[in-house]
Amino acid sequence: MRLFSKILQVGLATEPLPPTSHEVVRLLHEVDDRARRLFGRALAIREVDAGSCNGCELEITGLTSPVYDSERFGVHFVASPRHADLLLVTGPVTRNMAVPLVKTYEATPAPKLVVAVGDCSRTCGVFKGGYGVAGSVDQFVPVDAFVDGCPPEPAAILRGILAAVGRR
Amino acid sequence: MRSLFALMLAGYALGAAAAVLRPGGRGGRGLVAAGAVLGGAAGLALALQVLLTGTPFVLEAPAVLSIADGLLFRIDRLGALFLGLVGFLAVPCGLYGAAYSEGYEGRASLRLLGALLNLFLLTMSLVPCAGNVLTFLFMWEGMSLTSYFLVLTETDEPETVLAGGWYLAMTHAGLALALAAFLLMATSSASTTFGDLRAAAPALSPSARNAVFLLALLGFGSKAGIMPLHVWLPRAHPAAPSHVSALMSGVMIKMGVYGLLRVGLDLLGGGPTWWGALLIGLGALSAVIGVLYALMEHDLKRLLAYHSVENIGIIFIGIGAGLMFQSFGLPALATLGMVAGLYHTINHACFKGLLFLGAGSVAHALGTRNMEEMGGLIKRMPRTALFFLVGACAISALPPLNGFASEWLVFQALLGGSAIPQPEVAVVMPLAVAMLALASGLAAACFVKAFGITFLAIPRSARAEQAHEAPRSMQAGMAMLAIACVALGLLPFAVAPILGSTLAGLGRVTPAAIELTRSLPLQVPGASGQMSPPLLALGLVVLLALLPLGLRLLGAERRGRVGDTWGCGRIGQTPRMEYTATAFAEPLRRVFAELYRPTRDLSIDFHPASKYFVQSIAYRSEIHPWIERLLYNWPLRGIRRAAVWVRRLQAGSLHLYLFYLTLAFLVLLTMARWWR
Amino acid sequence: MVAIIGFALGVSQAALALLLAPGLVGLVRWLKARLQNRRGAPAWQPYLELAKLFRKEVVVSSNASWVFRAAPFIVFASTVAVALLVPILLVPLPFDGVGDLLVVVYLLLLGTFFLSLAGLDPGSAFGGMGASRAMTVAALAEPTVALAIFALALSAGSTNLGQIVARTMSGPAAVSPGHLLAFLALFIVTLAETGRLPIDNPATHLELTMIHEAMVLEYSGRYLALIEWAASLKLLIFFSLLSNLFVPWGVAAGLTAGALTLAVASLLVKLVILAAVVAVLETRIAKLRLFRVPELLSVSFVLALLAVTSSFLLR
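What counts and what doesn't
- Residues numbered from 1 in each chain as written.
- Chains lettered and ligands numbered in written order.
- Predicted model: local features only at pLDDT ≥ 70, side-chain atom pairs only at ≥ 80, totals over all residues.
- Heavy atoms only, no water.
- Helix = DSSP H or I, 4+ residues; strand = E, 2+ residues; numbered from the N terminus.
- Buried < 20%, exposed > 50% of the residue type's maximum accessible area, 1.4 Å probe, protein only.
- Contact = heavy atoms within 4.5 Å.
- Areas by Shrake-Rupley, 256 points an atom, 1.4 Å probe, with all protein chains shown as cover.
- Lys, Arg positive; Asp, Glu negative; His and termini not counted.
- Charge placed at Lys NZ, Arg CZ, Asp CG, Glu CD.
- Axes fitted to C-alpha atoms, helices over the stretch in contact; angles between N-to-C directions.
- Parallel < 35°, antiparallel > 145°, perpendicular 65-115°, else oblique.
- Left-handed = near helix turned anticlockwise from the far one by under 90°.
- Nonpolar A, V, L, I, M, F, W, Y, C, P; charged D, E, K, R; others polar.
- Pairing = 2+ DSSP bridges.
- Buried area = accessible area lost by both parts, 1.4 Å probe.
- Polar contact = N/O pair within 3.5 Å; in protein donor to acceptor, adjacent residues only side chain to side chain.
- Core = buried A, V, L, I, M, F, W, Y, C linked by side-chain atoms within 4.5 Å.
- Domains from an automatic or database assignment.
- Salt bridge = Lys/Arg side-chain N within 4 Å of Asp/Glu carboxyl O.

Turning next to the overall build of chain A. A tally of regular secondary structure across chain A gives six helices and eight strands. The helix and strand sequence of chain A, counted from the amino end, reads α-β-α-β-α-β-β-β-α-β-α-β-β-α. On the principal axes, the C-alpha backbone points of chain A span a range of 55 × 35 × 30 Å. Buried positions account for 55% of the 168 residues belonging to chain A. Contacts in chain A between residues far apart in sequence, at least 24 positions, make up 85% of those at least 6 positions apart. Summing over all exposed atoms, chain A offers an accessible surface of approximately 7,600 Å²; the carbon and sulfur share of this is 56%. In chain A, 18 side chains carry a positive charge and 18 a negative one; their mean positions are 4 Å apart.

Put into structure tokens, the structure is as follows:
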């Protein structure tokens, strides 16, 4: 019962989503009209860690917390890429994860989007030139949006996802 | 009718003769199959004629074996039902055997296989036709012996010989007990015809009647395969050729049910409540334990054999419920229970025959019965897979197939238990309901495993990869049974009245007419429920047909593509990454670990330099049916000890043996003189 | 004429159930979100998800056979068939003679059977694991369901759904301790069959903890939409059974407009109450270890057995 009294005490913890600057979210091309119509209100995301340090993952887990609550935008995470519409890729693509990343992309049914999170996914960040790193994410799968930051804030990540499906 | 009887005998004789004279080659095998099919069809026609018209068929041959009243054939409706069952299964199995026995060319004697198959069918057909004790036991023994030799077809396997030994011992023990039951009944009767035994039965004392019933239960129950007398079933049925297994599992064990019905219901005319309760108890036990052991098997045919134990349990539950209701003077519910049991008898013959034929096709194509080496066969043997799927759905009691129709009837019979006035007795019914439901749920789980591991996913061995579809005649046999499964499921309102009529005039059961209209409503006091399989099937078909239309209306995307199985992005997929049969059954194995008591042997080899580096791990786990060991070890030991003691009499001296002969002769002469 | 109206009403009752089902699942999710102190998606979110799934392409494994492609249709058709048989709004039901409570149980087993086969078909270990676990839970829940049916049929004199509802509605004397125990037993079975906590977490991403979800990992597009819709319909059917077999007041006995409006309203109220109970339960308790689930199911079995015994003794 203490659980329920605590729930009542805390109330609604969700905060309105703060705006993010344009430099953090980079859309690579115009949002496809079909994707906007299809994914605008219901989006399933499959997160793929292609070799990150897990800093971005920690921020991504914050997305489903009560404060940021991605679910209120119709965004939820799924376990299988077959169920997914959008791949959320983090980290530089390491050599071992190159083929699995491509396989995940191929397993996702069309239409699909890719949002790459973190500086590492675009420029390989601090891991650039390392022997285990094969390249940035856009060298393996077509990316629709980059979210810069090391790590980016959950609000920025959410803004990036929403921008990829054409929601402001 | 006489001509049909003669045709039946002629058909089987022709098949046997063809086997002896010209066993090999396509023509020979075809003739053997034609004989079996002809005999089966004639038997089925004769049975239908007796069932539909109600006039019994009588044939006397007092000259044959006149020392024991001669042979007498009298087919009444109950006998006709079981005769029809033999013919019904003989046709597809005979047809199947034509191509299947090709696999035995060079490995076993086709002469024996063909001849014995026809003799087996002949004697098995004549068991329900018997009108006196001699005929019955003579044909019974013939059926047992021919099937024993058929089980031994593949003598190069050591376990086959062992299986044959178990089978022979248990069937003869059963014969002895059945003989004792008949003899006990015959003490107060004029002759040994069934008519006279029936007339003399009321004169027996209650303890004599109980003794007869128990002897008949043990004797016929061992043939039927009820627990704990089932031990020969999982050994003998997998060893036999597949069409013989289908006949043994589909029809021969039903002869045990026939014997019990004939003695318990017809000749004795029913009995006290504990008879029915005992049958229900044994049936429920067999059903649950049979299916639990079936779940752990990965030999496809042994799995099916254990399922036969389960289904015999269900049949016994139905018949036991019928007997129980009869003892309380509830004729309508009694008929319901009996009809449910008989219906399940026919249905089980149908789908178990189909499943064994399917398993036989798989074994024929792959050369192994081990499920762990199969997989992906649905793409290589599509029609066999489809027929096996129909059989699997039927045995899992999925509507609208036949397994569901008869299990529904058994449930309804048990649900009528609320009409029993004594609550302490009536509590047997809900327990039986619970165990029946558990057995049927576990059976569904087992057949998801059996069909899924055998036919779906990727082949687990090279043999599975190179499998080929079964020949046309084998497919035809399976197709016949698959169609019959569907038909029996959709038309219970046609079958049930016929079954009800078989009970007319048997003992004291008055078959109150089970109200049957197009939708099978049962207006039985205390147990009324309604179900209409044809409308259900129609509804399902209509919905399935409407779905693609509905999808198109919704504007669903129609594109699709083929990709790799999702495996978390792993590179490549080998058969070792699939689920295995053992893995599939593992949760249930854990849940019922107390019953199974699996042995576990784990040995880890460490690197000599350090115990933190493992060189190899060997894990071995086995499940032995410990009930068997508990119940059979001490009689076997006792028999062995007795045999060792008796061996002392075999001193090897010819003079001693002559002395024994003379002594026995003198004793017999004295006895004959004394008893005159 | 009356028969045609009855037929049309039966079909529209099932259509209503089909339309409400995703909303029910959405409502449970919304309630859970609020109990987690967050805003959550609106209750009609599953409709948007279904609409989206219908427009996505289907990716099928190269190892899969026709069983994989046919299973979503069989699951959906059998669940809709059950919706046609179950008393949701009306009693007597127009399709009363076609199937009773036993038929309902086995039709649902038909769906689970084919979904398990479809889990094994692509040859993935997750699918096999899901299939194995789903069939285990289904098999172990069967005795409880059968005994609960027995308890209900005992007092009603029939396994016929319409007759059971009519008997309970006939007066408060018909409600007995047996009823309450059977309700509790069936409630646990509902959680097991529809894959809710504590047996299965519908929102988990950890494959090793999945039962139902593991079987559908390979499905996409319209196949996935059909399966998800059928699963939500199954939840609605179980809720309807729980409410209308045990608390049937409000169910329309006649075909008048007033009775039907009352029936719809009472259905909505009952569904909302049950959804709230499930949401609170899922917030409060944690998922059971897989090998603790049989213990929970045996508790429900004992409750059902007590229900039957008390029905016998208090007759």
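Residues and elements named next belong to chain C. As a packed pair, helix α1 (residues 2-35) and helix α3 (residues 66-85) sit with axes 8 Å apart at the nearest point and diverge in direction by 125 degrees. Taken together, the axes of α1 and α3 lie oblique to each other. Judged by the twist between their axes, the crossing of α1 over α3 is right-handed. For the pair formed by α1 and α3, the contact residues are Gly10, Val11, Gln13, Ala14 and Leu18 on the first element and Phe76, Val80, Ala83 and Leu84 on the second. In terms of residue class, the contact of α1 with α3 is built from seven nonpolar, two polar and no charged.

Another point: the sheet that holds strand β6 (residues 113-117) of chain A. All names here are of chain A. With respect to topology, six strands assemble into an open sheet ordered β1-β8-β6-β4-β2-β3, the strand pairing being mixed. The two strands at the open ends of the sheet, each matched to only one other strand, are β1 (25-27) and β3 (75-77). Within this sheet the neighbouring strands show an average axis-to-axis angle of 25 degrees, counted without direction. Pairing analysis gives five bridges linking strand β4 (residues 86-90) to β6, with the strands arranged parallel. Among the inter-strand pairings, Thr90 is bridged to a residue of β6, identified as Val117.

What follows concerns the packing of helix α15 (residues 382-395) of chain B against helix α18 (residues 428-455) of chain B. All names here are of chain B. Their axes nearest at 9 Å, the elements α15 and α18 cross at an angle of 170 degrees. The angle between the axes of α15 and α18 places the two elements in the roughly antiparallel class. Two secondary-structure elements touch here, α15 through Thr384, Ala385, Phe388, Leu389, Ala392 and Ile395 and α18 through Ala443, Phe447, Phe451 and Phe455. Looking at side-chain class alone, the contact of α15 with α18 contains nine nonpolar, one polar and no charged residues.

A word on the interface of chain B and chain A. With nine residues of chain B in contact, the opposing surface of chain A contributes 14 residues. When chain B packs against chain A, the two sides together hide about 840 Å² of surface, and 46% of this comes from carbon and sulfur. Taken together, chain B and chain A are joined by four residue pairs in polar contact (both at pLDDT 80 or more). The residue inventory of the side of chain B that touches chain A, partitioned by class, reads two nonpolar, two polar and five charged.

The tendency in soluble globular proteins is for nonpolar side chains to be buried as a group. B:Phe82, B:Phe136, B:Phe182, B:Met248, B:Phe451 and C:Phe113 are the most contacted members of the largest nonpolar core, which has 348 residues in total. At 20 residues, helix α13 (residues 331-366) of chain B tops the list of elements feeding residues into this core. Counting contributing residues per domain, this core is built from domain 1 (1-202 + 223-266) and domain 2 (270-542 + 578-595) of chain B, each supplying no fewer than three. When near neighbours in sequence (up to four residues on either side) are disregarded, B:Phe451 contacts B:Ile378, B:Ala385, B:Phe388, B:Leu389, B:Leu456, C:Val67 and C:Leu117.

Residues and elements named next belong to chain B. By the assigned domains, chain B splits into domain 1 (1-202 + 223-266), domain 2 (270-542 + 578-595) and domain 3 (626-675). Tallying the contact residues gives 45 residues for domain 1 and 54 residues for domain 2. Overall, the association of domain 1 and domain 2 removes approximately 4,000 Å² of surface from exposure, summing both partners, and the carbon and sulfur fraction of that is 78%. When the buried area of domain 1 at its contact with domain 2 is split by residue, Tyr96, Met227 and Leu265 rank highest and sum to 18% of it. Scanning the region where domain 1 abuts domain 2 turns up one salt bridge. Glu159 is paired through a salt bridge with Arg369; the nearest N and O atoms lie 3.9 Å apart. Scanning the region where domain 1 abuts domain 2 turns up nine residue pairs in polar contact (both at pLDDT 80 or more).

What follows is about the pairing of β6(A). Regular strands place side chains that alternate from one sheet face to the opposite one. Residue and element names in this part refer to chain A. Among the five residues that make up β6, five are buried, leaving the element largely enclosed by the rest of the structure. Neither face of β6 is open: one carries Leu113, Val115 and Val117, the other Val114 and Ala116, and all of them are buried. Two strands pair when backbone bridges link them, and β6 and strand β8 (residues 145-147) are joined in this way by three bridges, in the parallel orientation. The residue bridging Val117 from the neighbouring strand is Val147, located in β8.

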